[in-house]
Amino acid sequence: MRRIGLVAALSILVVVICVLLARRFLVSRLSVPAPIQAPVSAEEMHRTWIESVSSTLAAFDQHQDARAARDALVKLMVTKDDKEIHLNLVLAFQAFLDGNKNAAVLLRRARQLFSSRK
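Everything numeric in this text was worked out from a predicted model, so none of it was measured. (Residues numbered from 1 in each chain as written. Predicted model: local features only at pLDDT ≥ 70, side-chain atom pairs only at ≥ 80, totals over all residues. Heavy atoms only, no water.)

**Digging into the overall build of the protein**
At step 1: When helices and strands are tallied, the protein shows 5 helices and 0 strands.
At step 2: Going from the N terminus to the C terminus, the protein shows its helices and strands as α-α-α-α-α.
At step 3: Taken over 118 residues, the protein has a buried fraction of 21%.
At step 4: Long-range pairs, those at least 24 residues apart, make up 61% of the contacts in the protein with a sequence separation of at least 6. (Helix = DSSP H or I, 4+ residues; strand = E, 2+ residues; numbered from the N terminus. Buried < 20%, exposed > 50% of the residue type's maximum accessible area, 1.4 Å probe, protein only. Contact = heavy atoms within 4.5 Å.)

**Quick look at the side chain of His46**
At step 1: Tracing the backbone through its elements, the reader meets His46 in helix H2 (residues 42-63).
At step 2: Only 2.8 Å separates the side chain of His46 from the side chain of Asp82, close enough to count as a polar contact.
At step 3: Those residues in contact with His46, other than ones at most four positions away along the chain, are Thr79, Asp82 and Arg117. (Polar contact = N/O pair within 3.5 Å; in protein donor to acceptor, adjacent residues only side chain to side chain.)

**Details of unusual backbone geometry**
At step 1: Although it is not a glycine, Gln64 sits at a positive phi angle of roughly 55°.
At step 2: Summarising the element assignment, Gln64 is placed in the loop between H2 and helix H3 (66-74).

**A look at the confidence of the model for the protein**
At step 1: Residue-level pLDDT values for the protein average 85, and 73% of them are 70 or greater.
At step 2: When the elements of the protein are averaged for pLDDT, helix H1 (residues 2-30) gives the smallest value, 64, and H3 the largest, 97. (pLDDT = per-residue confidence, 0-100.)

**A closer look at the packing of H2 against H3**
At step 1: As a packed pair, H2 and H3 sit with axes 9 Å apart at the nearest point and diverge in direction by 175°. As the angle between them shows, H2 and H3 are arranged roughly antiparallel. Contact with H2, carried on its side by Val53, Thr56 and Phe60, involves Ala66, Ala69, Ala72 and Leu73 of H3 and no other residues of that element.
At step 2: Taken together, the residues of the contact of H2 with H3 break down into 6 nonpolar, 1 polar and no charged. (Axes fitted to C-alpha atoms, helices over the stretch in contact; angles between N-to-C directions. Parallel < 35°, antiparallel > 145°, perpendicular 65-115°, else oblique. Nonpolar A, V, L, I, M, F, W, Y, C, P; charged D, E, K, R; others polar.)

**Quick word on helix H4 (residues 83-98)**
At step 1: Compared with an ideal rise of 1.5 Å per residue, which puts 16 residues at 22 Å, H4 spans 22 Å between its outermost C-alpha atoms and is within 8% of the ideal.
At step 2: All buried positions along H4 are accounted for by Ile85, His86, Leu89, Val90, Ala92, Phe93 and Ala95.
At step 3: Summarising the contacts, the buried residues of H4 are in contact with H2, H3 and helix H5 (103-117).
At step 4: Immediately beyond the C-terminal end of H4, within one or two residues, lies Gly99, with a positive phi of roughly 75°. (Expected span 1.5 Å × (residues − 1).)

**Structural notes on the nonpolar core**
At step 1: With 16 residues, the main nonpolar core has Val53, Leu57, Leu89, Phe93, Leu107 and Phe114 as its most contacted residues.
At step 2: When residues of this core are traced back to their parent elements, those giving at least two are H2, H3, H4 and H5. (Core = buried A, V, L, I, M, F, W, Y, C linked by side-chain atoms within 4.5 Å.)

**Some thoughts on the side chain of Thr79**
At step 1: Along the chain, the position of Thr79 falls in the loop between H3 and H4.
At step 2: Judged by its relative accessible area of 9%, Thr79 falls in the buried class.
At step 3: Apart from the residues lying within four places of it in its own chain, the contact partners of Thr79 are Ala42, Met45 and His46.

**Quick notes on the packing of aromatic side chains**
At step 1: Applying the stated criterion to the full structure yields 3 aromatic pairs.
At step 2: Measuring from centroid to centroid gives 4.8 Å for Phe60 and Phe93, while their planes differ by 70°, and the two rings are edge-to-face. On the criterion of sequence distance, the pair formed by Phe60 in helix H2 and Phe93 in helix H4 is long-range, its members being 33 residues apart. Of the two residues, Phe60 and Phe93, neither departs from the other in class, the shared state being buried.
At step 3: Look at Phe60 and Phe96: their rings are 5.6 Å apart centre to centre, the planes differ by 50°, and that puts the pair in the tilted class. Here Phe96 lies in helix H4 and Phe60 lies in helix H2, a separation of 36 residues in the sequence.
At step 4: Since its relative accessible area comes to 5%, Phe60 is described here as buried.
At step 5: Grouping aromatic residues by their ring pairs yields a cluster made of Phe60, Phe93 and Phe96. (Phe/Tyr/Trp six-rings, centres within 6.5 Å; stacked < 30°, edge-to-face > 60°.)

Here you go:
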């Protein structure tokens, strides 16, 4: 009698393992890949960047929230031509967060660079 119970328990365990392995295999095979997005042209990326940075700077001027400005900038995609200006903007807002006494000067310079790139 004990043997039958042991065999039944082992059989159930084997079935459960097989079901879990089959489920894992099927889920990985049936998952739908994310749609491929069309590449964005450098001109479109630059135009979006200009709009987003302008909006971020306007929001900063209104609310003086350096963290929100920095976080918004960090999320943006940037062309290679805009990288240096973008980095200057991010670092200027980080300077505010770090309590750097030159933060306002850094932001003014970064804004001037940004204005020249529009």
